[in-house]
Amino acid sequence: MRARQQDSLAASTIQRIVTVLSAIFSTALLNQIIFIHPCEGVVLPKVGRKPLKTITPEQFGEFYSHIDGEVFQLLVEVAIEPGLRWGEPSELRMKDLERPSGILTASRAAVEIAPRLHSTGGRFLAKDYPKDGKFRRLKPRRPLVTRIAAFALANGIRDEDLLFQFPDHDDAPIPELPDGVDLGMTSPNDKGRRYRHGTTAAYTNGKCRCEHCRTAFARYRALRRAEGKDQPRRRRQVNTDGHIPAQCFRTNIWHPAREEADLPKDITPHELRHAHASWLLAGGADLMVVKERLGHASITTTERYLHTLPNADDTALDALANIRGRNRQNANRLPIS
């Protein structure tokens, strides 16, 4: 019976169990409780790796247009451009950005813990440094650096302050549209229909993402939330020291935007890191540079992001078409005997 139960375990489950056991036996061996490591020489079943899939730039653009709130839009941009892990952008402070050079230093990560485990009853700890124990110095594009600086200036964020602080949604003002101004009509959609700018119809049916149409849709959502009609409804107060809780972000920001953009349910915030690596490699970035930006210990991990986009093989196919076309031309030029 036990043998049959063991055989039914997946290879990945067996590997995880052996990893935990190995760590326990290693500690026991180090403390001289045992003198032989039982896991040494154990042959584990191979685990087949599923190919990584990631969102395309077009999918990200559609998803980004549905993110609610300037703070969260900028947070998502800062997460995807340098390829940060979730705990890194949520702990970023203005002192981590060198404004003249535009270099961003990821040197800490925010970790959520149970209040009973916190020395002061809080929920967040900032630890130096996340995962691989190394600082990473990354360079976002200059427009993003400019936007971060403008956002910090407009919101009075100082060097020691968190760049992304959990906003009080209940006190957030409802967006307003310009009064008595003709904003014009949208371009025809796929059915040839046009809609007036600054309306929800232009946003939903016309797929317009101009400032006025986005404001109209944000106003519509804010009014429904205030009346308790929309999902997510009026957000409850969250116990936080200013850090953005991961679960709150996923529930109130990420999932609604993902559903609006019609993306699969398995697209998580960590997917932004996958997308960053995949886009860089598809664009021709050096593999070692991508490895350093992501903070991978092994280049083998970075190689997994090769050929993850749907059009990743287009370059190879173009090269194949070119060489075959050249061979045909050479064959046509051969003299007829």
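Just above, that's the structure.
Predicted, not measured: the structure shown is a model, and the values here were computed from it.

What counts as what
Residues numbered from 1 in each chain as written. Predicted model: local features only at pLDDT ≥ 70, side-chain atom pairs only at ≥ 80, totals over all residues. Heavy atoms only, no water. Helix = DSSP H or I, 4+ residues; strand = E, 2+ residues; numbered from the N terminus. Buried < 20%, exposed > 50% of the residue type's maximum accessible area, 1.4 Å probe, protein only. Contact = heavy atoms within 4.5 Å. Areas by Shrake-Rupley, 256 points an atom, 1.4 Å probe, with all protein chains shown as cover. Phe/Tyr/Trp six-rings, centres within 6.5 Å; stacked < 30°, edge-to-face > 60°. Lys NZ or Arg CZ within 6 Å of the ring centre and 35° of its normal. Expected span 1.5 Å × (residues − 1). Core = buried A, V, L, I, M, F, W, Y, C linked by side-chain atoms within 4.5 Å. Patch = residues over 30% accessible without salt bridge, like charges linked within 9 Å, V, L, I, M, F, W, Y side chains within 5 Å. Salt bridge = Lys/Arg side-chain N within 4 Å of Asp/Glu carboxyl O. Pairing = 2+ DSSP bridges. Polar contact = N/O pair within 3.5 Å; in protein donor to acceptor, adjacent residues only side chain to side chain. Axes fitted to C-alpha atoms, helices over the stretch in contact; angles between N-to-C directions. Left-handed = near helix turned anticlockwise from the far one by under 90°. Nonpolar A, V, L, I, M, F, W, Y, C, P; charged D, E, K, R; others polar.

A. Representation of the overall build of the protein within the structure. When you go through the protein residue by residue, the secondary structure sums to twelve helices and five strands. Counting the 337 residues in the protein, one finds 35% classified as buried. Contacts spanning at least 24 positions in sequence make up 56% of the contacts within the protein whose residues lie at least 6 apart. Element-wise, carbon and sulfur atoms account for 53% of the exposed surface of the protein, whose accessible area totals about 21300 Å².

B. Looking closely at the packing of aromatic side chains. For the structure on display, the rule yields nine aromatic pairs. Within the aromatic cluster, the residues linked to one another by ring pairs are F60, F63, Y64, F72, W86, F249, W254 and W279. Sitting over the face of the ring of Y203, R209 holds its NZ or CZ atom 3.9 Å from the ring centroid.

C. How the structure looks around helix 9 (residues 271-282). Over its twelve residues, helix 9 extends 16 Å from the first C-alpha to the last, a length consistent with the 16 Å expected when each residue adds 1.5 Å. Of all twelve residues making up helix 9, nine are buried, and the element is well covered by its neighbours. Taken residue by residue, helix 9 has E271, L272, R273, H274, A275, H276, A277, S278 and L281 as its buried positions. Buried positions along helix 9 lie against helix 3 (57-64), helix 4 (70-80), strand 5 (136-138), helix 8 (246-260), helix 10 (287-294) and helix 11 (299-303).

D. View of the nonpolar core. Core analysis: the biggest nonpolar cluster contains 38 residues, and F63 and V78 have the highest contact counts within it. The set of elements that each furnish at least two residues to this core consists of helix 3, helix 4, strand 2 (103-106), helix 5 (142-154), helix 8 and helix 9. Ranked by residue count, the leading element in this core is helix 4, at eight residues. One finds Y195, A202, Y203 and C213 within the second-largest nonpolar core, a separate group that totals six residues.

E. Main features of a nonpolar patch on the surface. Among the surface-exposed residues, L9, I17, V20, L21 and I24 lie close enough to one another that they form a single nonpolar patch of about 410 Å² accessible area. By the secondary structure assignment, L9 is in the loop between helix 1 (2-7) and helix 2 (11-30). For L9, a relative accessible area of 38% puts it in the partly exposed group.

F. Region of the structure containing the side chain of R258. For R258, the location among the structural elements is in helix 8. Under the relative-accessibility criterion, R258 is labelled buried at 7%. Once residues within four sequence positions are removed from consideration, R258 is found in contact with F63, L263, P264, K265 and I267.

G. Region of interest: the pairing of strand 2. Covered by surrounding structure in strand 2 are I103 and T105 together with L104 and A106, the residues of both alternating faces. In terms of strand pairing, strand 1 (residues 97-98) meets strand 2 through two bridges, oriented antiparallel. By the bridge assignment, E98 is partnered in strand 2 with I103. Where strand 1 folds back onto strand 2 in an antiparallel hairpin, the turn is made up of four residues, including G102, whose phi is positive at roughly 75°.

H. Structural detail: the side chain of T302. With respect to the helices, strands and loops of the structure, T302 is situated in helix 11. Within the local environment of T302, its side chain forms a polar contact with the side chain of H296, the two groups lying 2.8 Å apart. Aside from chain neighbours lying at most four places away, what touches T302 is L281, L287, V290, K291 and H296.

I. How the structure looks around the packing of helix 4 against helix 5. Contact pair helix 4 / helix 5: the axes reach a minimum separation of 11 Å and the direction vectors enclose 145°. Note that helix 4 runs across helix 5; the crossing there is left-handed. Mapping the contact onto sequence places E70, V71, Q73, L74, E77 and V78 in helix 4 and L144, R147, I148 and F151 in helix 5. Its residues placed into classes, the contact of helix 4 with helix 5 shows six nonpolar, one polar and three charged.

J. Structural detail: helix 2. In a regular helix each residue adds 1.5 Å, so 20 residues correspond to 28 Å; helix 2 covers 28 Å between its end C-alpha atoms and thus fits that length. A positive backbone phi angle near 60° is found at Q32, which sits one or two residues after helix 2.

K. Main features of the environment of G48. The residue G48 is located in the loop between helix 2 and helix 3 in this model. Owing to a relative accessible area of 67%, G48 belongs among the exposed residues under this scheme. Residues G48 and S12 lie 36 residues apart in sequence; the distance between their C-alpha atoms is 8.7 Å.

L. Region of interest: the sheet that holds strand 1. Sheet architecture is open: three strands sit in the order 1-2-5, paired in antiparallel fashion. Since the sheet does not close on itself, it has two edges, and those belong to strand 1 and strand 5, each with one partner. Pairing geometry for strand 2 and strand 5, over three bridges, is antiparallel. Directly across from L104, in strand 5, lies its bridge partner L138.

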